[in-house]
Amino acid sequence: MSYPDETSADELQAIREQRLDVDLEMAAMTAVGDRIAELRRAGICTHGSTQGHRADPDLRPGQLRCTDTCKRVFASDEEWHAAMDAALDM
Ligand SMILES: [Zn+2]
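Residues numbered from 1 in each chain as written. Predicted model: local features only at pLDDT ≥ 70, side-chain atom pairs only at ≥ 80, totals over all residues.

**A closer look at helix H1 (residues 8-41)**
Helix length check: H1 (34 residues) gives 49 Å between terminal C-alpha atoms against 50 Å at 1.5 Å per residue, within 8%. Little of H1 sits out of view: just 0 of its 34 residues are buried. One or two residues past the end of H1 sits Gly43, with phi positive at roughly 80°. (Helix = DSSP H or I, 4+ residues; strand = E, 2+ residues; numbered from the N terminus. Expected span 1.5 Å × (residues − 1). Buried ≥ 20, exposed ≤ 12 C-beta atoms within 10 Å, placed from the backbone.)

Encoded structure:
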């Protein structure tokens, strides 16, 4: 998108900055994927998926069980998210 007071150089600059943003975002996502794969190879669960009490009668409402590899029970979404962050060390 351009405005009457912009030059084509401004537009090119904006396009380059958008491409750089996308490149940085892709690099960050690739780094997370690589880290998950590395931890998985080392036998460390990153708690990538869980299920709640409706799918698991042993859980109370609000609790979640890791369905990735460790089967750990989390008391809340917050506890699960913190465990994922801790596993990824990010
Ligand atoms: Zn887990």
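Moving on from the model shown.
**Quick look at unusual backbone geometry**
For His47, which is not glycine, the phi dihedral falls at a positive 55°. Looking at the secondary structure, you find His47 in the loop between H1 and strand E1 (50-52). For Lys71, which is not glycine, the phi dihedral falls at a positive 65°. Examined against the element boundaries, Lys71 turns out to sit in the loop between strand E2 (64-66) and strand E3 (73-74). A tally of 11 C-beta atoms within 10 Å means that Lys71 is categorised as exposed.

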